[in-house]
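Here is how the chains run, residue by residue.
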Amino acid sequence: MKKLADRIQKGLSGLDVRTLVPLSELTSFRIGGPAAACAMLRSEAELVRALAFCREEGICCRLLGNGTNVLAPDEGFAGLILRLEPDGAPRFDGCRVICGAGQSLAAVAKESIARGLAGLEALSGIPGTIGGAIAMNAGAYGSEIGALLSEVTFLSGGRVETVSVGSDDFGYRKSPFGAPERIVLSAVMALSPDDGGASARMADFSRRRREKQPLAYPSAGSVFRRPAGHYAGALIEQCGLKGLTIGGAAVSDRHAGFIVNMGGATCADVQALITIIQTTVFERTGVRLEREVKFLSEV
């Protein structure tokens, strides 16, 4: 791993490349061994250079935002992690907000409300980046980012493209802008003038999160997608799995749709819990739970 790390750092001289970075520091689960290297990219040109280097050298790479929906392997990653850093503040043009992929969705939401715009209130508690949110069509409380997008600029096959989009281009946790085929660079969202209640709605969503979600422990948010006609957390609780613990990982006793790191949890612990939950819920209810949390190999 050290030889690979040195090779990457030398090949990307001039970029902000850090070696042997624990994936536990790059993911909200706080789980994962070391990545050979992590490149903090601050421009489109740096991203293109890093991708070309990995392609030419046969080095595996993965794009990672804030790592809020990712489970990293205990053995680490023999490759390069790519992270798009925030490229300045979001720009506002009337009801339009133009933001880079590396910017915080929560920060953009709060800034938009401060500027008298509405639309992002329900998404203000999502801790990911704009690019990551678009890649999975992140949503909460009945709102999804795909419904707000009007344009997306992305890198595909070495070319930068900008396309107009609408809500019909997205589905529940489904997006046409997933890496590595399409890497989001920036986006334009069409918001609405504040009706006077945006700040209160954001505060209400924040209160509901604090009351219902296990925010005191590291996690990757909802582990499973919402099955048609059901709620994953309710099914898991119905099957008596709330509070189930393997190693340092546990099904949250506050919200059964979350698996939390109680301290020292490993990737293997979480994977074992996921398997038990899926198997038990299917055997007892006939409902197949589809994983929403991604393994690093899938991003």
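Whatever comes next refers back to the structure up there.
Residues numbered from 1 in each chain as written. Predicted model: local features only at pLDDT ≥ 70, side-chain atom pairs only at ≥ 80, totals over all residues. Heavy atoms only, no water.

A few words now on the nonpolar core. Core analysis: the biggest nonpolar cluster contains 28 residues, and L105, L120, I134, L149, V152, F177 and M189 have the highest contact counts within it. Of all elements in the fold, only β7 (96–100), α3 (105–114), α4 (130–136), β11 (149–156) and β13 (183–190) reach the threshold of two or more residues within this core. For this core, the element with the highest residue contribution is α4, accounting for four residues. Not counting residues up to four positions away in its chain, the partners in contact with V152 are E161, T162, V163, V165, F177, V184, S186 and A187. L71, A256, A265 and V281 belong to the second largest nonpolar core, which has 26 residues in total. (Core = buried A, V, L, I, M, F, W, Y, C linked by side-chain atoms within 4.5 Å. Buried < 20%, exposed > 50% of the residue type's maximum accessible area, 1.4 Å probe, protein only. Helix = DSSP H or I, 4+ residues; strand = E, 2+ residues; numbered from the N terminus. Contact = heavy atoms within 4.5 Å.)

Turning our attention to the pattern of salt bridges. Applying the stated criterion to the full structure yields 16 salt bridges. Here E111 and R115 are joined by a salt bridge, their closest N and O atoms 2.7 Å apart. Residue classification places E111 among the partly exposed positions, given a relative accessible area of 31%. Put simply, E237 and K242 hold a salt bridge, and the shortest N to O gap is 3.5 Å. Via salt bridges that share partners, D204, R207, R208 and E211 belong to a single interconnected network. (Salt bridge = Lys/Arg side-chain N within 4 Å of Asp/Glu carboxyl O.)

An order of β1-β2-β5-β3 is seen for the four strands of this open sheet, with the pairing classed as mixed. Two strands bound the open sheet, and with one partner strand each, they are β1 (16–22) and β3 (61–63). Neighbour-to-neighbour, the strand axes of this sheet turn through a mean angle of 30°, independent of strand direction. Judged from the three bridges that link them, β3 and strand β5 (residues 77–84) form a sheet pairing that is parallel. Note that in β5 the partner of L63 across the bridge is L82. Against the sheet, helix α1 (residues 2–11) contacts β1, β2 (34–41) and β5, and its axis sits at roughly 165° relative to β1. (Pairing = 2+ DSSP bridges. Axes fitted to C-alpha atoms, helices over the stretch in contact; angles between N-to-C directions.)

Our focus in this paragraph is the side chain of R83. For R83, the position within the fold is in strand β5. The side chain of R83 sits in the buried core without any salt bridge; E85 is the nearest counter-charge, 4.6 Å away. Apart from residues no more than four positions distant in its own chain, R83 is found in contact with L26, C38, A39, M40, L41, L64, G65 and N66. (Lys, Arg positive; Asp, Glu negative; His and termini not counted.)

Before going further, it helps to examine the packing of aromatic side chains. The tally for this structure, following the rule as stated, stands at three aromatic pairs. Seen from their ring centres, Y141 and F205 are 5.0 Å apart, and the 25° between their planes marks the pair as stacked. You can see Y141 sitting in the loop between β9 (139–140) and β10 (143–144) and its partner F205 sitting in helix α5 (residues 198–212), a full 64 residues away along the chain. For Y141, a relative accessible area of 32% corresponds to the partly exposed category. In this structure F205 comes out as buried when scored by relative accessible area, which is 13%. With a centroid separation of 6.1 Å and 40° between ring planes, the pair formed by F170 and F177 is classed as tilted. (Phe/Tyr/Trp six-rings, centres within 6.5 Å; stacked < 30°, edge-to-face > 60°.)

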